[in-house]
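Inside the fold
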Amino acid sequence: MLSERRLQVLRAIVQDYVGTEEPVGSKALTERHSLGVSPATIRNDMAALEDEGYIAQPHTSAGRIPTDKGYRLFVDKLAGVKPMSPPERRAIQNFLDGAVDLDDVVARTVRLLAQLTRQVAVVQYPSLTRSTVRHVELLSLAPARVMLVLITDTGRVEQRMVDCPAPFGEASLADLRARLNSRVAGRRFTDVPTLVEDLPEAFDIEDRGTVSTVLSTLLETLVEENEERLMIGGTANLTRFGHDFPLTIRPVLEALEEQVVLLKLLGEAGDSGMTVRIGHENAYEGLNSTSVVSVGYGSGGEAVAKLGVVGPTRMDYPGTMGAVRAVARYVGQILAES
């Protein structure tokens, strides 16, 4: 275990390096921070931190920089989450409140996160495996043609045309709509197939073929929409950090194009807590020089998806964690109200 003083020295090194982009020396620490000890003592503390792998000396400088291990300790023990100021919170709310539908919510969230953190923002669409059915609407377009509209609790709307095997009257359609919603409204997508499997038997024999066709279209819609989707923004922000990537920025850009990699990075959507992955903790080699800060969002206290940012390990962790958490909270409120 590191002593309290050495923890304070490590905190000062991380803060200075993040703020100045320059390796940090003992003289600068003495001048900038009230550590209450002599420069010689700080040099000894820095030597101990280096021996234990928390800081390292880049080739060209007498100063030190934090390692992945140093950043990890900083995040776990030393960094609080920096709260957003009231004007920042109002700006977030006003920007997101203007969204007209789910796609707009996701697009605005990506832009907002990228602007607030000046990193790459990644937002996962609400996962339908964790979504519930809000309402199923059935509209008659012709005697044997029906439009099926599926509305989810996260505001997602899916429309499908259904060609029925026989004409289907308005009264029968209203009956099917009422029976269907009484069974599936408020229920998870994954529960729907068993909830509706015997529904055709409630109808006259001549209508059962049409009822089965409508139900199979509904179930196909649930399966189709099961694919995970995400939106990414702010990639150009990485160019500001060119010197933070040891060789080239290309592996990072290539990794960001891999949707599967990004979904793994964000982690399981059901896990709503804040996750910070630093440097080599990211399994994907192209992202070993980056950190990922992510958190779950959703309505009613349950996470339905993740959002987060990707940036260099030399990151303002308290500020980034605060922005990610605040944005996730507002997106959850919008989904709950939509």
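One can find the structure itself at the top, above this paragraph.
A brief structural summary. Computed from a predicted model, the values in this text were never measured in an experiment.

Criteria and cut-off values
- One numbering rule holds for all chains: residues counted from 1, following each sequence as written.
- Where local features are concerned, this predicted model is filtered to residues with pLDDT of at least 70; where side-chain atom pairs are given and counted, the filter is 80 or more; whole-chain, interface and lining totals use all residues.
- Excluded from the side-chain calculation are hydrogens and water; included are all heavy atoms of the structure.
- The helix count covers DSSP runs of H or I at least four residues long, the strand count covers runs of E at least two residues long, and both are numbered beginning at the N terminus.
- Each residue gets one of three labels from its accessible area relative to the maximum for its type: buried under 20%, exposed over 50%, partly exposed in between, using a 1.4 Å probe on protein chains only.
- We call two residues in contact when some of their heavy atoms are within 4.5 Å.
- In this description, accessible areas are obtained by the Shrake-Rupley approach with a 1.4 Å probe, and a residue is regarded as covered only by the protein chains that are shown.
- Two residue types count as positive, namely Lys and Arg, and two as negative, namely Asp and Glu; His and chain ends fall outside the count.
- Taken as the charge centre is NZ of Lys, CZ of Arg, CG of Asp or CD of Glu, depending on the residue.
- Exposure above 30% relative accessible area and the absence of a salt bridge qualify a residue for a patch, where like charges join within 9 Å and nonpolar side chains (Val, Leu, Ile, Met, Phe, Trp, Tyr) within 5 Å.
- Here a salt bridge means any side-chain nitrogen of Lys or Arg lying within 4 Å of a carboxyl oxygen belonging to Asp or Glu.
- Here, a strand pair is defined by DSSP locating no fewer than two bridges between the strands.
- Between the N-to-C directions of two axes lies an angle of 0 to 180 degrees, each axis being a line fitted to C-alpha atoms and, for a helix, fitted only over the stretch in contact.
- Centre distance within 6.5 Å is the pairing criterion for rings of Phe, Tyr and Trp, where only the six-membered ring of Trp is used; planes under 30 degrees apart are then read as stacked, over 60 as edge-to-face, and the remainder as tilted.
- Here, a charge over a ring is recorded when the distance from Lys NZ or Arg CZ to the ring centre is within 6 Å and its angle to the ring normal is within 35 degrees.
- Residue types Ala, Val, Leu, Ile, Met, Phe, Trp, Tyr and Cys, when buried and joined through side-chain atoms within 4.5 Å, form a set referred to as a nonpolar core.
- Domain start and stop points were drawn from an automatic or database domain assignment.

Another point: the overall build of the chain. Scanning the chain from N- to C-terminus turns up 12 helices and 10 strands. Principal-axis analysis of the C-alpha atoms places the extent of the chain at approximately 90 × 40 × 35 Å. With 338 residues in all, the chain has 49% of them scored as buried. Restricting to contacts in the chain with at least 6 residues of sequence separation, those with at least 24 account for 61%. Surface accessibility of the chain: about 16,000 Å² in total, with carbon and sulfur atoms responsible for 50%. Both charge centroids of the chain, one from 36 positive and one from 45 negative side chains, sit 8 Å from each other.

Time to look at a positive patch on the surface. A grouping of Arg89, Arg90, Arg325 and Arg329 is seen on the molecular surface, where their side chains present a positively charged patch. Broken down by secondary-structure element, the contributors of at least two residues to the positive patch are helix H5 (86-97) and helix H12 (317-337). Along the polypeptide, Arg325 turns up in helix H12.

Read across the open sheet, the 5 strands follow the order S7-S3-S10-S9-S8; overall the sheet is antiparallel. Of all the strands in the sheet, just strand S7 (230-233) and strand S8 (275-278) have a single pairing partner and so form its edges. Direction aside, neighbouring strands of the sheet carry axes that sit 15° apart on average. The pairing of strand S9 (residues 290-297) with strand S10 (residues 305-312) spans 8 bridges and is antiparallel. Within S10, the residue paired with Ser294 across the bridge is Gly308. Contacts from H12 reach S8, S9 and S10 within the one sheet, and its direction differs from that of S9 by about 25°.

In this section: the packing of aromatic side chains. The final tally for this structure, using the stated rule, is 1 aromatic pair. Between Tyr71 and Tyr317 the ring centres are 5.6 Å apart and the planes differ by 50°, which places this aromatic pair in the tilted class. Of this pair, Tyr71 sits in helix H4 (residues 68-78) while Tyr317 is found in helix H12, placing the two residues 246 residues apart along the sequence. You'll find Tyr71 and Tyr317 in the same group, each marked buried. It is Lys69 that lies over the ring of Tyr54; its NZ or CZ is 4.6 Å from the centre. A cation over an aromatic ring shows up here: Arg229 above the ring of Tyr125, its NZ or CZ 4.0 Å from the ring centre.

Another point: the nonpolar core. As a rule of thumb, soluble globular proteins bury nonpolar side chains together. By size, the foremost hydrophobic cluster in this structure holds 57 residues, and its most contacted members are Leu29, Leu307 and Tyr317. When residues of this core are assigned to their parent elements, the largest contribution, 11 residues, is made by H12. Split by domain, the residues of this core number at least three in each of domain 1 (4-78) and domain 2 (86-125 + 228-337). Counting residues in each nonpolar core, the second largest holds 23 residues, with Phe168, Leu173, Leu180 and Leu199 among its members.

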